[in-house]
Amino acid sequence: MAKPKKYIFVTGGVLSSIGKGIAAASIGMLLEQRGIKVTMVKMDPYLNVDPGTMSPFQHGEVFVLDDGTETDLDLGHYSRFVQTAKFSRKNSFTAGRVYESVIKKERAGGYLGKTVQVIPHVTDQIKQNIKDALEDADLGIIEVGGTVGDIEGLPFLEAIRQIRHEEGAQNVVFAHLTLVPYIPTAGELKTKPTQHSVKELREIGIQPDILICRADRAISKDMKEKIGLFCNVPGDCVFSALDAQSIYDVPLHLSAEGVDDKIVDKLGIWTGAPDLSNWKKMVDTIHKPKGEVKVGIVGKYTDWRDTYKSISESLVHGGVANQVKVTPVYIDSEEIEKGNLSALQEINAILVPGGFGERGIEGKIKAIEYARTENVPFFGICLGMQLATIEYARNVAGLKNANSAEFKPDNKENVIDLMESQKDVKDLGGTMRLGAYDCNVLHKHNGKTTHAYQAYGKEKILERHRHRFEVSNHFRSRIEESGLLVCGRYNDPKTGIELVEMVELPNHPWFLGCQFHPELQSKPLEPHPLFVQFIKAAAAAAKNGAQPKLKGIS
Ligand code: GLN
């Protein structure tokens, strides 16, 4: 008989944003490092079919997987903490997707005339999705989005309650993350919110096995015993998760508390201690850097940093590889547009990330011009690369009205245009180029190794995409002849059309743009090569000291 699968369900109580995703990812990492074949799943109770259509203001960045699935930023945490698991559409689903499947099945007559109900039909679909996601793994860490007590989370909680009932306590662990706040006027940590949140869970039939209590200071043994007593959990199953300097400290803290020991014990899994040596080395480098670089991220959603979560983490990874601390400086492109360029002088390198819509783009173009003319290391990602191409076309290739069809559909000099294959598609919904595509990296140009090749060290790469527009092949030769080097290409086997994937400036310390999103593949233990090289260039610029003057900006 096949070995039974093991399930760890992670729920959250009291408040959102207390680090449930990081806690789940940390548990995944610790169990993986014990040699267990793990996978991770995120279940989101909202009704959007996927987060692709949600504003990053509300929901943070959209994290894209190799198969093109648009997921939320927790899949990003999982990908950075877990090394071997490969994530696909199965690893992330929403209530919207569950209902979509149920309704499709109902329309196709799949329920044989029965009344279709939340219980059992929606809950069965949730259970099925969870089981499908665990197909290739021995153990799954399944995070339930939202906070216990939300009405929309109920079908998910009912589904996981049933899984425990069906699979048995030896195969299922319920881990509940709560907040234990410190109240200054009382001068103590308070356990009442935790008690209430566990009470809520128990009312619907879920008795947590372990509690992970987020707090800003140590939770004493006595207090853990007290929490345990009121929540019906043994005191040694109550753990603290203290605020950490770096998110990469969290698995080490949880392991020191004994969380992973307790989980394997409860699940009856026999393993040795996790091998945390590489992780510890990486964390040490984060805490004891040999220098600092400041990277300006010129963007639009400057007050909502989760929009650039994967980018800021990739910068940390690039910093680890170069043993420097990377301080991201968020610069509002609209300030630059107004002529307020002073922020650009405080930084060692500039990154223009992906984005949609016209707001703030002229400011980004100005920042790119500054980087190009003043030899400031520059990294343009997706929209950032498109704007670098526009800047070059306008200011070097003499295409004064260069722009993108995204912003000026009727303009005659759109060096960034809709992809050929999508020009006839009237409905823009669902027409994005999503997921992993291969790219050919140019090795040498005029006898010199390109920056792109220096980073990758190979000619064939696979990178993830999320965009609708492309460098126009109509204007490409004119721009190339003026000196912008196309150093990455994709040949579409269906249409035979070649697409520009990367551009760089040969006579610049480091100026590179890519149409794809390298930040989606960077991990602390495997930093993405483009981020490694970008930070290397930024560190060299920081060493040189002198900040370029703000001359030459049109
Ligand atoms: N808005 C641009 C496009 O659709 C860039 C997208 C992005 O930066 N992810 O092509």
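Keep in mind the model is a prediction, meaning the values are calculated, not measured.

### Things to note about the overall build of the protein
Turning to step 1, where the next piece is worked out: Across its full length, the protein holds 18 helices and 25 strands.
Turning to step 2, where the next piece is worked out: Taking 2.2 N^0.38 as the reference for a compact globule, 554 residues should give roughly 24 Å; the C-alpha atoms of the protein span a radius of gyration of 25 Å, in line with that estimate.
Turning to step 3, where the next piece is worked out: Referenced to the eigenvectors of the C-alpha coordinate spread, the extents of the protein come out at roughly 75 × 60 × 45 Å.
Turning to step 4, where the next piece is worked out: Within the protein, the fraction of its 554 residues that count as buried is 56%.

### Points about the sheet that holds strand β17 (residues 414-418)
Turning to step 1, where the next piece is worked out: Across the sheet, which stays open at both edges, the three strands sit in the order β16-β17-β22 with mixed pairing between neighbours. Of all the strands in the sheet, the pair left with one neighbour each is β16 (403-404) and β22 (469-471).
Turning to step 2, where the next piece is worked out: The pairing of β17 with β22 spans three bridges and is antiparallel. Residue Ile 416 lies in a different strand from β22, and its bridge partner there is Val 471.
Turning to step 3, where the next piece is worked out: Against the sheet, helix α15 (residues 383-395) engages β16, β17 and β22, with an angle of about 145° to β17.

### Some thoughts on the side chain of Thr 147
Turning to step 1, where the next piece is worked out: As for its placement among the helices and strands, Thr 147 is situated in the loop between β6 (139-144) and α6 (154-167).
Turning to step 2, where the next piece is worked out: Beyond its immediate sequence surroundings of up to four residues, Thr 147 is in contact with Gly 12, Gly 13, Val 14, Leu 15 and Ser 16.

### Brief notes about the packing of aromatic side chains
Turning to step 1, where the next piece is worked out: Under the criterion given, the structure shown has 13 aromatic pairs.
Turning to step 2, where the next piece is worked out: For the ring pair Phe 379 and Phe 531, a centre distance of 5.1 Å and an interplane angle of 65° mean the geometry is edge-to-face. Here the residue Phe 379 occupies a position in strand β15 (residues 378-381), and Phe 531 occupies one in helix α18 (residues 529-544), the gap between them amounting to 152 residues. Accessibility classification places Phe 379 together with Phe 531 in one group, the buried group.
Turning to step 3, where the next piece is worked out: The structure contains a cluster of three or more aromatic residues connected by ring pairs, namely Phe 379, Trp 510, Phe 531 and Phe 534.
Turning to step 4, where the next piece is worked out: Taking NZ or CZ as reference, Arg 217 lies 3.4 Å from the ring centre of Tyr 182, over its face.
Turning to step 5, where the next piece is worked out: Above the ring of Tyr 437, the side-chain terminus of Arg 433 is found at 4.3 Å from the ring centroid.

### Some words on the environment of Tyr 330
Turning to step 1, where the next piece is worked out: Checked against the element boundaries, Tyr 330 lands in strand β13 (residues 325-332).
Turning to step 2, where the next piece is worked out: Counting along the chain gives 30 residues from Tyr 330 to Lys 300, while the straight-line C-alpha distance between them is 9.3 Å.

### What to know about unusual backbone geometry
A negative phi angle is the norm for most residues apart from glycine, just as the trans form is the norm for most peptide bonds.
Turning to step 1, where the next piece is worked out: Look at the link from Ile 119 to Pro 120: it is a cis peptide, with omega at 10°.
Turning to step 2, where the next piece is worked out: With respect to the helices and strands, Pro 120 occurs in helix α5 (residues 118-133).
Turning to step 3, where the next piece is worked out: One non-glycine residue with positive phi stands out, namely Leu 112, at about 50°.
Turning to step 4, where the next piece is worked out: We note that Asn 232 has phi near 65°; this positive angle belongs to a residue other than glycine.
Turning to step 5, where the next piece is worked out: The exposure class of Asn 232 is partly exposed, given its relative accessible area of 49%.

### As for the pairing of strand β25 (residues 511-514)
In regular strands, side chains alternate between the two faces of the sheet.
Turning to step 1, where the next piece is worked out: Taking every second residue as pointing to the same face, both faces of β25 are buried, with Phe 511 and Gly 513 on one and Leu 512 and Cys 514 on the other.
Turning to step 2, where the next piece is worked out: Sheet topology places β15 next to β25; four bridges connect them, and they run parallel. Pairing of Phe 378 across the sheet is with Phe 511, part of β25.
Turning to step 3, where the next piece is worked out: In this structure, strand β24 (residues 498-504) lies alongside β25, joined through three bridges in antiparallel fashion. In the strand pairing of β25, Glu 504 is matched with Leu 512.

Cut-offs applied
- For every chain, the first residue of the written sequence is number 1, and numbering continues from 1 along that sequence.
- This being a predicted model, a pLDDT of at least 70 is required before a residue's local features are given, and a value of 80 or more before pairs of side-chain atoms are given or counted; all residues contribute to the totals for chains, interfaces and linings.
- Derived side-chain values reflect all non-hydrogen atoms in the structure, with water molecules and hydrogen atoms excluded from consideration.
- Labels follow the DSSP assignment, with helices taken as runs of H or I lasting at least four residues and strands as runs of E lasting at least two, numbered in each case from the N terminus.
- Only the C-alpha atoms count toward the radius of gyration. The rule for a globule is 2.2 Å times the residue count to the power 0.38.
- For every residue, the accessible area obtained with a 1.4 Å probe (protein chains only) is divided by the maximum for its type, and the residue is called buried under 20%, exposed over 50%, and partly exposed between those limits.
- Note on pairing: DSSP must find at least two bridges between two strands before they are called paired.
- A contact between two residues is defined here by any heavy atoms of the two lying within 4.5 Å.
- As a rule, the C-alpha atoms of each element are fitted with a line to give its axis, helices using only the stretch in contact, and angles between N-to-C directions run from 0 to 180 degrees.
- Here a Phe, Tyr or Trp ring, Trp counted by its six-membered ring, pairs with any other such ring whose centre lies within 6.5 Å, and the pair is stacked when the planes are under 30 degrees apart, edge-to-face when over 60, and tilted otherwise.
- Lysine and arginine charges are scored as sitting over a ring when NZ or CZ, respectively, is within 6 Å of the ring centre and within 35 degrees of the ring normal.

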